[in-house]
Amino acid sequence: MLDWLYEIVSQLIVWIHTGLSTFLPEDSGWAWGGSIILLTVLLRLLLVPLFVKQIHASRKMQELNPKVQALRKKYKNDKQRLNQEVMKLYQENGANPLSGCLPLLVQMPIFIGLFQTLKRISDAKEGHDVFAMDWDLVKSAQNANIFGAHIPDTFLNAWGANPKVWSAIIVTGIAVVISSCTTFFTVRASMKRQPVTDDANPMMQAQKMMVFLAPLFGLFGLGFPLGVLMYWVTSNSWTLAQQHYIYKRYPPPGKDGEPAPTTTTGKTGGKPGGGKAGTRPGAKSAGTKNGQAASGIKAKARLKKEPEPVDDEPDTKPKVVRNQPTRKPRSKRSGTPKR
């Protein structure tokens, strides 16, 4: 069903191998391995626009995340209405949660096509062609080796061979470990730089799933041909370098030197820190300390003053007592004074 895909992948490998054979031995592992690496690089160059689109989509999702959270609180008991409102919000703002998964979706067909091509090369019988490769190229690929390991070799096949080919076991084993580590670090770096905080975003769910699946990739890699492992390591290394370059050149808001918007303001004039306009931070506190010091000095100066002389002579003048007239109560009825 996917033979057309395998034909395309095998034809691309043949073209690149033909070009490399002009200055490298045609039957060497470096010519065939270089064909796989160059195929990976060309594919990743074509995916750069999709990677940039992925960054824009993630930042757009970050901007819409507060509104999405508000909708979740509003329609927490109505899942159908919630999904309708969220999709409406995305459509109105031109956001697509699945756009971040496009680079991975585009790479998977190439990965599958390369895996099937190398597997068919490994299992090819005498005189049989493999897709766009004639028997001479198939035989050349079967005999090509890198440090004693052939391009179609897998770790499981090398381990199960009798007698065991230790050079193939070591090379394929190292390739499995490197591919597993680069897969883990690639997904981990992508999630750390990912500004989207909505756990329900399909892109975030896919990345979290990849974090848990990355260690398991080593188990699957034991059955991958050496050429597929070379493709996977090259792709992961390219992704790490590309992420570092793009995020360093276009850092997210509030990171890597771009100031984040301040949310705290003072009571006077709306300036951060509560200071007055035109004054430096800390001027008020400095002035307060100086004022306290000045008042302390003045208090000490008043204490050091000599006390005023007290007159020890008693006051001999008699006090004048004035008798105030008393008001007598009157009767409420007659108005005459009560007896």
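Parameters at a glance
- As a convention, each chain's residues are numbered from 1 in the sequence order in which they are written.
- Only residues with pLDDT of at least 70 get local features here, since the model is predicted, and only at 80 or more are side-chain atom pairs given and counted; chain-wide, interface and lining totals rely on the full set of residues.
- For side-chain calculations, the full set of non-hydrogen atoms in the structure is used, while hydrogens and water are omitted.
- Secondary structure is summarised from DSSP: a helix means a run of H or I of at least four residues, a strand means a run of E of at least two, and numbering begins at the N terminus for each.
- For every residue, the accessible area obtained with a 1.4 Å probe (protein chains only) is divided by the maximum for its type, and the residue is called buried under 20%, exposed over 50%, and partly exposed between those limits.
- Definition of a polar contact: a pair of N or O atoms within 3.5 Å, with one able to donate and the other able to accept a hydrogen when the atoms are protein atoms, and with sequence-neighbouring residues admitted only if both atoms are side-chain atoms.
- Any pair of residues with heavy atoms lying within 4.5 Å of one another is described as a contacting pair.
- UniProt positions are given in the numbering used here, feature names are shortened, and annotations may be inferred rather than shown by experiment.
- Salt bridge, as used here, is a side-chain nitrogen of Lys or Arg placed within 4 Å of a carboxyl oxygen of Asp or Glu.

Looking at the side chain of E85
(1) Moving on: Within the element layout of this structure, E85 appears in helix α4 (residues 79-93).
(2) Moving on: Overall, E85 belongs to the buried group, its relative accessible area being 19%.
(3) Moving on: In this structure the side chain of E85 is engaged in a polar contact, spanning 2.9 Å, whose partner is the side chain of R81.
(4) Moving on: Once residues lying within four places of it in the same chain are set aside, the contact partners of E85 are L71 and Y75.

A word on the UniProt feature "transmembrane region" (unreviewed entry) in the protein chain
(1) Moving on: Sequence positions flagged by UniProt for "transmembrane region" (unreviewed entry) are, in local numbering, residues 30-52, 97-115, 165-189 and 210-233.
(2) Moving on: Note that residues 30-52 is 96% helix and 0% strand, and that its end C-alpha atoms are spaced 32 Å apart.
(3) Moving on: The distance separating the terminal C-alpha atoms of residues 165-189 is 36 Å; by composition the span is 96% helix and 0% strand.

Focus on the pattern of salt bridges
(1) Moving on: Tallying each qualifying case throughout the model produces 2 salt bridges.
(2) Moving on: The salt bridge involving E85 is made with R81; its shortest N-O contact spans 2.9 Å. Of this pair, E85 and R81 are both found in helix α4, 4 residues apart, which corresponds to roughly one turn of the helix.
(3) Moving on: The shortest N-O distance in the salt bridge between D123 and K119 comes to 3.3 Å. Placement of the pair is D123 and K119 together in helix α5 (residues 102-123), with a separation of 4 residues, close to one helical turn.

Thoughts on the side chain of R44
(1) Moving on: Looking at where R44 falls in the secondary structure, it is placed in helix α2 (residues 29-46).
(2) Moving on: At 2.6 Å, the side chain of R44 forms a polar contact with the side chain of T239.
(3) Moving on: Once residues lying within four places of it in the same chain are set aside, the contact partners of R44 are Q107, S235, W238, T239 and Q242.

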